[in-house]
Amino acid sequence: MNGPELSTQDYDVVIAGSGAAGMRAAIAAHDAGARVVVLAKGPPRANHTRMSGGRYNAVSGLNPNDSTDAFYKDTLESGTWINNHALTRILADEAMDRAYDLEAYGLTWDRSEITKYSLSMTGGGSFVRTLGSADEGIGITEVMLHQLHVRGIEIKAFHMLVDAVQDADGRVTGALVFDLARGSWRFLTCRALVLATGGTSQLYETSSGPTVNTGDGIGIAMRTGAEVVDIEFMQFIPISFVYPPSIKGYTLTEPAHYGPRHYDPKADAAHLLNNKGERFVLKHDPVRREGSTRDVLARAIMLEILEGRGTPEGGVLMVPDPKVFESFLRERPIYVKRLLENYGEAQARLEAPIQVMPSALYTLGGVRIDNWCRTSVPGLYAGGEVAGGVHGANRLGGSSMPDIQVFGRRAGMAAAEDARQAPGATKAAFERARERAAALDGYLGRSDGVRPIEVKKQVQKLMWDDVGLVRSGPKLVEAIRIFRQLRSEVLPRLKVTSRTRVVNREWMEALELENMLDVGQAMATAALERKETRGAHYRTDFPEIDPNWAINLLVWREGSEMRVERRDVQTLDTPDKTNARVLAEAR
Amino acid sequence: MNAMLKTITVKAEVSRFNPETDEKAHFETFEVTGIENMRVLDVIRSIYEHQAPDLAYQFACRIGRCGTCAVKVNGVPVLACQETCKPEMRIEPLTPFPVLRDLVIDRTEVEERYANLALVPHRDHEHEGQPEAVAPDLAHEICRLDSCLACMVCVSACPAVEERAFDGPAFMLKLRQLAIHPADNMDRLSQAKEGGLVECFGCDLCTQLCPADLSPAQAIRDFRNDLLFGR
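The rules behind these values
Residues numbered from 1 in each chain as written. Chains lettered and ligands numbered in written order. Predicted model: local features only at pLDDT ≥ 70, side-chain atom pairs only at ≥ 80, totals over all residues. Pairing = 2+ DSSP bridges. Helix = DSSP H or I, 4+ residues; strand = E, 2+ residues; numbered from the N terminus. Axes fitted to C-alpha atoms, helices over the stretch in contact; angles between N-to-C directions. Contact = placed C-beta atoms within 7 Å. Buried ≥ 20, exposed ≤ 12 C-beta atoms within 10 Å, placed from the backbone. pLDDT = per-residue confidence, 0-100. Nonpolar A, V, L, I, M, F, W, Y, C, P; charged D, E, K, R; others polar. Domains from an automatic or database assignment. Parallel < 35°, antiparallel > 145°, perpendicular 65-115°, else oblique. Left-handed = near helix turned anticlockwise from the far one by under 90°.

This part covers the sheet that holds strand β8 (residues 154–156) of chain A. The strands making up a sheet associate through backbone hydrogen bonding, with each pair oriented either parallel or antiparallel. All names here are of chain A. Strand order in this open sheet of five strands is β8-β3-β2-β12-β19, and the pairing throughout is parallel. Single-partner strands in this sheet number two, and they are β8 and β19 (380–382). Strand-to-strand, the axes of this sheet are offset by a mean angle of 20°, without reference to chain direction. Along the sheet face, helix α13 (residues 400–421) touches β2 (13–16), β12 (192–195) and β19 and points at about 165° away from the line of β12.

In structure tokens:
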């Protein structure tokens, strides 16, 4: 058949994503003897971990009142007990060992004494337990990248995973990859494919994440028939920049907001005021007030803005405590600089009110995994933000960093183990990959149609308005209708203006859009199904939490339709049956 | 948005180069209107969105952390996301690196150079799974050096890199980070010497331009001090 050339290479484990989850998976798989490659959609440093404040929840033993049981319980409490309890338990138990791994890699956690880490509070936690390092997510990604380098692990920059390719029995045996730098197609045969592509923040108009987080891994997993879980829960960070446009949505670190509460759970966090000078958070959480969880604060701020009590620029005012300036400057100099450049000196010194607004931060749901990051499709693994279940309906501040280390490692170990026995790709898989590449190559020839960037912006606005912080049945129904229409009518009409194959951004955006539309529709579908308010999911037509909804929603694709199913929460007593449905169908 | 924010119209000459069709780069001129303190990245994105759908450019974080949007503006290497726009700008890809297309450079060789330096602590003993003995101030200093974005702004600006056998300030800074790490036993000074430590002119341009407010020049001075007087 005709079509673009498809070059092949063989690996044991292909890992898509160059953030901490992907790098940790690569280290683990490599150290277990597997031949590994890491795919980065852009340069390897273009990832979400890089942007994180790097704050890391773990039970170090330095706070005698804290325990892994308490961390486990805090995480369940924050997730409203619909987390996958087994995954949460693993997070609580293994976080500290992975923090020591990072130190072994070369990271130096902030210390108060030579062998004593500095601990602080974080959003939603009940104990002083959070580690940090002044180099933040930059430091974490740097020390890990150099660990990959000394191991000689191959990293393919500008390589976008487009599809997980399955054999006739449904097992993933290859990766269809687009080399954006050259505009060429690759079929990487493998025995296990790890998705570590991060979240979906780019589906929203205002977001804090990197431009690469377009939900690729979730869309790719869904096209293989894999299940996603908790996908209705999107975490918004309450405290982010409002202006200028270039940095709108970028997270303002919690220490500024927390003030003295950063070190003392009984102290007050910075007050939040609307344009009438009212402490509006008191209406929503009179007990924890501004020290409440991220979901409550983000929603409270958004409602003030939507109901016309925000600032002219579209935010609310945070009144920081200037007394914490010195420690803030020492610990988080980067943020002082950002405040200075964008807001002014008084704000940077925490002496004047700071405008803040919520922003799409972290995808709580994602690909459904078991304790070893196996998805419901054989040969396909997922770890980090792309996966769901660890955090439930809401996430503690400081818990994404241990999540991506703990489950990145588990994904890599399990994939390497699987790769020992798994069969390689067949001729049929290669043909399937070639057909798909030929179809996607067609974007380049089309002369009229819609530019991907226009559709992308439409999706971002739709998600922000209708599938964002404030949701309702009619809006979600409308969003689903629009997603169906975009998929059936607009996606086939996408055009790529330039015929060049080299670094063609529009072509990349066209490939991303397919994922964005699938993921957006899945999010809206689950959000419509969950008729209550819980954690990050707020329905104006069902504004209360409903104990009958203490369950999870699974979503998967059947053809172009989204199927949704209720499932009891997996507790520590539930047998692990992630593969059950797909294996039964395969038989 | 804020009615107080003033707007500006800037003229941007953007370097265009497609290896499939062009022998050498040429400039294309665009006008972009936006708020007065918009960043160079805002200008580039606006050109892509409204005027040149085929423009190749790179960014990811837009907040000065990923270090991947570095370009030259009026001859000076900067991060596009951090640099405030100028009324008249000439925007070019970062030199002296190979250009993939338009403003996007190929960093493969840069990464190989990092890899060759083995920038991880080489330990006498495995990490023991408890807090390593590092003085708080030293830990902080290691973190500071570890905040290097690897954006290559300093390497691009360095006159010694252009004229002499010098790897560049960023590599010296990373070597310094390992040199002061108490668990690392590799001879980082020798590596720095091999990388051209003595070739540095001491002009301090790297420090003045560093988007992360680091001082590669100080790292070089510290190494030179070690070279003369020992550690």
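Residue and element names in this part refer to chain A. Structurally, Glu544 is set in the loop between α17 (505–529) and β21 (551–558). Sequence separation of Glu544 and Glu532 is 12 residues, and the distance between their C-alpha atoms is 5.9 Å. Not counting residues up to four positions away in its chain, the partners in contact with Glu544 are Glu532 and Thr533.

All names here are of chain A. The buried count for strand β10 (residues 172–179) comes to seven of eight residues, which makes it a mostly enclosed element. Bridge count for strand β9 (residues 159–166) against β10 is seven bridges, and the pairing is antiparallel. Bridge assignment links Ala164 to a residue of β10, and that residue is Ala175. Counted between consecutive antiparallel strands, the loop separating β9 from β10 contains five residues, among which Gly170 sits at a positive phi close to 95°. Relative to strand β11 (residues 184–189), β10 is paired through six bridges, and the arrangement is antiparallel. Along β11, the bridge assignment pairs Leu176 with Phe187.

Before going further, it helps to spend a moment on helix α6 (residues 216–223) of chain A. Most of α6 of chain A sits inside the fold, with seven of its eight residues counted as buried. Buried residues of α6 of chain A: Asp216, Gly217, Ile218, Gly219, Ile220, Ala221 and Met222 of chain A, and no others.

A word on the confidence of the model for chain A. Regions with low pLDDT should not have their predicted coordinates read in detail. The share of residues in chain A with pLDDT of 70 or more is 96%, and the mean pLDDT across the chain is 93. Considering only residues more than four positions removed or in separate chains, one finds that residues 579–587 of chain A, a stretch of pLDDT under 50, has 10 contacts.

Quick look at the interface of chain A and chain B now. Each partner contributes to the interface: chain A provides 53 residues, whereas chain B provides 55 residues. Looking at the side of chain A that touches chain B, the elements that each hand over two or more residues are α2 (48–51), α4 (85–105), β5 (111–113), β6 (116–117), α5 (136–151) and α17 of chain A. Partitioned by chemical class, the residues of the side of chain A that touches chain B number 24 nonpolar, 15 polar and 14 charged.

So, about the domain arrangement of chain B. All names here are of chain B. The assigned domain composition of chain B is domain 1 (7–105) and domain 2 (108–229). Domain 1 and domain 2 are separated by 29 Å when their C-alpha centres are compared. Ranked by residues supplied to the side of domain 1 that touches domain 2, first place goes to strand β4 (residues 76–79) with three residues. Per-class residue counts for the side of domain 1 that touches domain 2 are five nonpolar, four polar and one charged.

Residue and element names in this part refer to chain A. Remark: helix α16 (residues 473–490) packs on α17, axes separated minimally by 9 Å, with the N-to-C direction vectors making an angle of 155°. Viewed along their axes, α16 and α17 adopt a mutual orientation that is roughly antiparallel. Relative to α17, α16 is oriented so that their crossing is left-handed. Where α16 abuts α17, its residues Gly473, Leu476, Val477, Ala479, Ile480, Phe483, Leu486 and Arg487 lie against Leu517, Gly520, Gln521, Ala524, Thr525, Ala527 and Leu528. Among the residues forming the contact of α16 with α17, the class breakdown is 10 nonpolar, four polar and one charged.

All names here are of chain B. Taking burial as the measure, the 11 residues of helix α6 (residues 169–179) include 11 buried ones, the bulk of the element. Restricting attention to buried positions, one finds in α6 the residues Pro169, Ala170, Phe171, Met172, Leu173, Lys174, Leu175, Arg176, Gln177, Leu178 and Ala179. Check the buried side of α6 and you find it contacts α2 (108–116), α3 (136–145), α4 (153–157), α7 (188–194), α8 (205–209) and α9 (216–229).

Residue and element names in this part refer to chain A. Here chain A is described as being made up of domain 1 (242–360) and domain 2 (434–563). Counting residues at the interface gives seven residues for domain 1 and five residues for domain 2. Examining the composition of the side of domain 1 that touches domain 2, we find that six residues originate from one element, helix α9 (residues 294–306), more than from any other. Within the side of domain 1 that touches domain 2, the residues separate by chemical class into five nonpolar, no polar and two charged.

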